[in-house]
Amino acid sequence: MKKIAILFSGNGTNLDNLLKNLHHKKFNGFKIEVVATICNVPSAKGIEKSRSFGIKPIIINHKEYKNREEFDVQLVDAIKKSGAELTILAGFMRFLTPIFTKNIKAINLHPSILPLFKGGHAIEESYESDMKIGGVTVHYVNEELDGGSIIAQQCFQKDSKMSFETYEKKIHELEYKLLPEIVIEVLSKKFL
Ligand code: GAR
């Protein structure tokens with residue numbers, strides 16, 4: 001049994017996709033169990049998605065903490081208590097301090113071809129850019145925002161006539177395919 005935790009802040013469509021494709025499923029000789037879902041925004045839509053899989057999300061509202069470090073102490077404590085060996089940031093929109101990054105093995109999903117378009121507006125910024133491709137990245141989490149070592153990337157051709165909605169949909173399609181695959185590969189110790 002491989003235990004994972006999923007962190008999210010908003011719609012939770014990637015959380016939903018991970019739960020659908022990985023939770024209680026067997027791969028490469030091991031079963032995956034999502035032992036914790038953690039959210040920092042009490043009104044996030046993803047909360048209901050977690051509940052629909054029978055997993056009560058842990059809400060750690062960052063606004064209730066004096067600083068990032070105190071928030072991260074709670075986050076690390078919840079993850080450690082869950083027993084997760086790998087944590088997945090699936091739309092988790094917080095800067096993390098060394099309190100988190102030195103204690104938790106985590107991977108992050110980002111909707112651009114890193115190191116381009118770091119931060120919270122990657123889809124809009126990459127759509128507006130001159131680049132002829134769009135794409136997504138999964139990387140290890142370190143202290144630098146969207147800066148840890150890259151595990152995998154996928155991209156698609158960006159057509160100049162492509163609407164923002166089509167572009168965003170393509171980004172999410174890649175995310176839904178890539179993230180579960182990489183979680184399985186990391187748990188299988190293909191990347192260390
Ligand atoms: C996803 O597109 C993810 O790549 C992005 O937030 C979205 C969450 O959507 N993450 C970042 O921008 C991290 N810097 P979801 O809540 O529907 O899964």
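Everything below is about the structure shown above.
No experiment lies behind these values; they were computed from the predicted model shown. (Residues numbered from 1 in each chain as written. Predicted model: local features only at pLDDT ≥ 70, side-chain atom pairs only at ≥ 80, totals over all residues. Heavy atoms only, no water.)

Here we look at the site of the ligand
Quick reminder of the rule: For this purpose, a residue is taken to be near a molecule or strand whenever a single non-hydrogen atom of the residue falls within 4 Å of it. For the purposes of these results, a polar contact is taken to be a pair of N or O atoms within 3.5 Å, where, inside protein, one atom must be able to donate a hydrogen and its partner to accept one; residues adjacent in sequence count only when each atom of the pair is a side-chain atom. Only the protein chains shown count as cover for residues, and the accessible areas themselves come from Shrake-Rupley with a 1.4 Å probe. A 1.4 Å probe that fits but cannot get out identifies a cavity on a 1 Å grid over protein atoms alone, an open set with protein on both sides within 12 Å along at least five of seven lines counts as a pocket, and a residue lines either if it has an atom within 4 Å of a point. To be counted as sitting in a cavity or pocket, a molecule needs more than half of its atoms within 2 Å of that site's grid points. Note on residue classes: Ala, Val, Leu, Ile, Met, Phe, Trp, Tyr, Cys and Pro are nonpolar, Asp, Glu, Lys and Arg are charged, and everything else, Gly too, is polar.
Of all residues adjacent to the ligand, which total 13 residues, the nearest are Gly 12, Thr 13, Asn 14, His 110 and Glu 175. A distance of 3.4 Å separates an oxygen atom of the ligand from a polar atom in the backbone of Asn 11. Between the ligand and His 110 there is a distance of 3.1 Å, counted from a nitrogen atom to a side-chain nitrogen or oxygen. Alone, the ligand offers 460 Å² of accessible surface; in the complex the protein occludes 90% of this. Most atoms of the ligand, that is more than half of them, are within 2 Å of grid points of the largest pocket. Residue composition of the shell around the ligand, by class: 3 nonpolar, 8 polar and 2 charged.

Looking at the pairing of strand S5 (residues 86-89)
What counts here: Each residue is assigned to one of three classes by its accessible area relative to the maximum for its type, calculated with a 1.4 Å probe on protein chains only: buried under 20%, partly exposed between the two thresholds, exposed over 50%. Think of it this way: any DSSP run of H or I at least four residues long counts as a helix, any run of E at least two long counts as a strand, and we number them from the N terminus. Any two strands are treated as partners once DSSP identifies two or more bridges connecting them.
Residue alternation in S5 divides its side chains into two sets, Leu 86 and Ile 88 and Thr 87 and Leu 89, and both sets are buried. Note: strand S1 (residues 2-8) against S5, 4 bridges, orientation parallel. Bridge pairing in S5 places Ala 5 opposite Thr 87. Pairing geometry for S5 and strand S6 (residues 106-110), over 3 bridges, is parallel. Among the inter-strand pairings, Leu 89 is bridged to a residue of S6, identified as Asn 108.

A look at the pattern of salt bridges
As a reminder, the rule being used: The working definition used for a salt bridge is a side-chain nitrogen of Lys or Arg within 4 Å of a carboxyl oxygen of Asp or Glu.
Considering all chains together, one arrives at 8 salt bridges under this definition. Lys 81 serves as the salt-bridge partner of Asp 77, at 2.8 Å between the closest nitrogen and oxygen. Remark: Lys 81 and Asp 77 occur in helix H3 (residues 68-82); sequence separation between them is 4 residues, near one turn of the helix. Residue Asp 77 is classed as partly exposed on the basis of its relative accessible area, which comes to 32%. Lys 81 gets classed as exposed once you look at its relative accessible area, which sits at 66%. With a closest N to O distance of 3.4 Å, Glu 85 and Lys 189 form a salt bridge. In this pair, Glu 85 sits in the loop between H3 and S5 while Lys 189 sits in the segment after helix H6 (164-187), placing the two residues 104 residues apart along the sequence.

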